[in-house]
Amino acid sequence: MYSIGVDLGGTKIRTAIVSDSGSVLHSAELPTGATDGPDAVIERVLDSIRCAMAVLADRTDSTYQRKLIGIGVGSPGPLDPRTGVVLSPPNLPGWNRIPLRQHVESVFQLPTYLDNDANVAALAEWRFGAGQGADNMVYATVSTGIGAGLILDGKLFHGQSGSAGEIGHMIVDAKGPLCTCGNHGCLEAWSSGTAISNIATERYGRPLNAKEVEQLAKQGDAQAQDILEQAFSYLGLGLINVVNLFNPSVIVIGGGVAQVGAPLFERVRDIVLKQAIQGKSVQILPALLGKNAGVIGAAALPFISLGGGDGHDTRKSTHSLSYDPV
Ligand SMILES: [Zn+2]
């Protein structure tokens, strides 16, 4: 069986054909062109799915359509996974209550599922990556922003309106820097790539991105090391709260900032081990699936819906499915 996964991001749309065992058969990427507005972006999403279907038709026999069981889309939030409506993501300008799932479903007549980018990456790491086998797992992405997907008691947890897991806006210091959400001292305002860049730019008096700060730190620059140490310490604080709240057995950390590796993981492991209740029983691991996490997790949505058990029962499919398992 196959499914098509779409990872709609603020800068790129990545689309892949994925098997039910999580293998990526084909993937392609195109620029989102977010400033062109929702209609243009939706058309690009549809085009990317058409291309994937054409590739699948070329590679498999004529029964491929019966083996293609659905489409999953991961999108920036906020969104409502039950209704398939994207609300108003900051990095998709002009989007306001766009029924993205309905658009895709009406064109391709295949069961279509929508969830936010952190949740689909969490699903991918849980089913096929670093979190395999865990019943309680938190996936945290530390990138330009910070978000999380929560697997609790063997299920993806959405909360009342789909916004559970917004750990980037967990307040870790009420007197901290102003966050994009309007509050002060959110985790994202301390530990995201954007925060690292902002703090470094202010201290050095010249523009520096998080990658450049990381390079300086590697070269022994004490100030850069101090900036990262502060960012990772706050991340550790945030994870103490996550561990105390959810008691996961595994925390998987992905995203661009986590690429720094040991300096981040050693710091947060030490903090969580010493300060969290049950800190000894949680493993903190790097994500394994890299840039494919989004498409693999999005493609997993139709499989999960079919298979049940680890439910993504955010919608009831109205389709009568007919397919031959392969
Ligand atoms: Zn915030």
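Please read these numbers as outputs of a predicted model, since none were measured by experiment.

**Some words on the overall build of the protein chain**
1) Next: Along its length, the protein chain carries 10 helices and 12 strands.
2) Next: Against the 2.2 N^0.38 benchmark of 20 Å for 326 residues, the protein chain shows a C-alpha radius of gyration of 20 Å, consistent with a compact globule.
3) Next: The principal-axis extent of the C-alpha atoms belonging to the protein chain is close to 60 × 45 × 35 Å.
4) Next: Residue burial in the protein chain is summarised as follows: out of 326 residues, 54% are buried.
5) Next: In the protein chain, of all internal contacts separated by at least 6 residues, the share reaching a separation of at least 24 is 60%.
6) Next: When the accessible surface of the protein chain is totalled, it reaches about 14200 Å², and 50% of it is carbon and sulfur.
7) Next: For the protein chain, the centre of its 24 positive side-chain charges and the centre of its 30 negative side-chain charges are spaced 2 Å apart.

**Quick word on the coordination of the zinc ion**
Reference geometry at the metal: tetrahedral coordination by four donors gives ideal angles of 109.5 degrees; octahedral coordination by six donors gives 90 or 180 degrees.
1) Next: Around the zinc ion, the protein supplies His169 (ND1), Cys179 (SG), Cys181 (SG) and Cys186 (SG) as donor atoms, at distances of 2.0 to 2.3 Å.
2) Next: Coordination geometry of the zinc ion: the 4 donor atoms subtend angles of 102 to 126° at the metal centre, consistent with an arrangement described as tetrahedral.
3) Next: Among the residues examined, His169 registers a relative accessible area of 27% and is labelled partly exposed.

**Some points on the packing of helix H1 (residues 38-59) against helix H3 (residues 100-108)**
1) Next: Closest axis-to-axis distance for the H1/H3 pair is 11 Å, and the angle between their directions is 40°. Regarding the angle of H1 to H3, the classification is oblique. The hand of the H1/H3 crossing is right-handed. The segment H1 lies against H3, with Ile42, Val45, Leu46, Ile49, Arg50 and Met53 engaging Leu100, His103, Val104, Val107 and Phe108.
2) Next: Of the residues assigned to the contact of H1 with H3, the class counts are 9 nonpolar, 1 polar and 1 charged.

**Points about the sheet that holds strand E8 (residues 137-142)**
1) Next: Strand order across the open sheet formed by 5 strands is E10-E9-E8-E11-E12, with mixed pairing between neighbours. The open sheet is flanked by strand E10 (155-157) and strand E12 (283-286), the only strands paired with a single partner. Strand-to-strand, the axes of this sheet are offset by a mean angle of 25°, without reference to chain direction.
2) Next: Strand direction decides the pairing type here: E8 and strand E11 (residues 250-254), joined by 5 bridges, are parallel.

**A few points about helix H10 (residues 293-307)**
1) Next: Helix length check: H10 (15 residues) gives 20 Å between terminal C-alpha atoms against 21 Å at 1.5 Å per residue, within 8%.
2) Next: Of all the bends in H10, the largest measures some 30° and sits at Leu301, one to four residues before the proline Pro302.
3) Next: Among the 15 residues in H10, 12 count as buried, and that is most of the element.
4) Next: Inspection of H10 places Ala293, Gly294, Val295, Ile296, Gly297, Ala298, Ala299, Ala300, Leu301, Pro302, Phe303 and Ile304 among the buried residues, and these make up the whole buried set.

**Regarding the layout of surface pockets**
Take a probe with the size of a water molecule and roll it over the atoms, and the empty space left behind shows itself.
1) Next: Here the second largest pocket is characterised by a volume of approximately 210 Å³.
2) Next: Going through the elements one at a time, helix H6 (193-204), helix H7 (210-218) and helix H8 (222-246) are the ones with two or more residues in the lining of the second largest pocket.
3) Next: For the lining of the second largest pocket, the element with the highest residue contribution is H6, accounting for 4 residues.
4) Next: Broken down by class, the residue content of the lining of the second largest pocket amounts to 6 nonpolar, 7 polar and 2 charged.

**Focus: H8**
1) Next: For H8, with 25 residues, the first-to-last C-alpha span of 36 Å sits near the 36 Å given by 1.5 Å per residue.
2) Next: At the exit of H8 stands Asn247, carrying a positive phi of roughly 50°.

**Quick word on the sheet that holds strand E1 (residues 2-8)**
Two orientations exist for strands paired in a sheet by backbone hydrogen bonds: parallel and antiparallel.
1) Next: What the 5 strands build is an open sheet, ordered E3-E2-E1-E4-E7; its pairing is mixed. In this open sheet, the two strands that pair with only one neighbour each are strand E3 (24-31) and strand E7 (112-116). Each adjacent strand pair in this sheet contributes to an overall mean axis angle of 15°, direction not counted.
2) Next: As paired elements, strand E2 (residues 12-19) and E3 share 7 bridges and run antiparallel to each other. Looking at the pairing, Ala16 lines up with Ser27 of E3.
3) Next: The strands touched by H3 within the sheet are E1, strand E4 (68-75) and E7, with E7 carrying the most contacts at an inclination of about 155°.

**Examining the confidence of the model for the protein chain**
1) Next: Counting all residues, the mean pLDDT for the protein chain is 92, and 92% of those residues have values of 70 or more.
2) Next: With pLDDT under 50 throughout, residues 316-326 is counted as low confidence; its partners more than four residues away or in other chains account for 19 contacts.

**So, the nonpolar core**
1) Next: By size, the foremost hydrophobic cluster in this structure holds 46 residues, and its most contacted members are Ile167, Ile196, Val213, Leu239, Ile251, Ile253 and Leu264.
2) Next: Going through the elements one at a time, E8, strand E9 (146-152), helix H5 (187-191), H6, H7, H8, E11 and helix H9 (262-275) are the ones with two or more residues in this core.
3) Next: Here this core gets 11 residues from one element, more than from any other, and that element is H8.
4) Next: Listed in part, the 29 residues of the second largest apolar core include Val41, Ile42, Phe108 and Leu114.

Cut-offs used in this document
- Residues numbered from 1 in each chain as written.
- Predicted model: local features only at pLDDT ≥ 70, side-chain atom pairs only at ≥ 80, totals over all residues.
- Heavy atoms only, no water.
- Helix = DSSP H or I, 4+ residues; strand = E, 2+ residues; numbered from the N terminus.
- Rg over C-alpha atoms; globule rule 2.2 N^0.38 Å.
- Buried < 20%, exposed > 50% of the residue type's maximum accessible area, 1.4 Å probe, protein only.
- Contact = heavy atoms within 4.5 Å.
- Areas by Shrake-Rupley, 256 points an atom, 1.4 Å probe, with all protein chains shown as cover.
- Lys, Arg positive; Asp, Glu negative; His and termini not counted.
- Charge placed at Lys NZ, Arg CZ, Asp CG, Glu CD.
- Donors = N, O, S within 2.8 Å, 3.2 Å for Na, K, Ca; no water.
- Tetrahedral: all angles 85-135°; square planar, octahedral: opposite > 155°, others 65-115°.
- Axes fitted to C-alpha atoms, helices over the stretch in contact; angles between N-to-C directions.
- Parallel < 35°, antiparallel > 145°, perpendicular 65-115°, else oblique.
- Left-handed = near helix turned anticlockwise from the far one by under 90°.
- Nonpolar A, V, L, I, M, F, W, Y, C, P; charged D, E, K, R; others polar.
- Pairing = 2+ DSSP bridges.
- Expected span 1.5 Å × (residues − 1).
- Bend = angle between axes of the 7 residues up to and from the residue.
- 1 Å grid on protein atoms, 1.4 Å probe; cavity = no way out; pocket = protein on both sides within 12 Å on 5 of 7 lines; lining within 4 Å.
- Points joined across faces, edges and corners; volume = space filled by probe spheres on them.
- pLDDT = per-residue confidence, 0-100.
- Core = buried A, V, L, I, M, F, W, Y, C linked by side-chain atoms within 4.5 Å.

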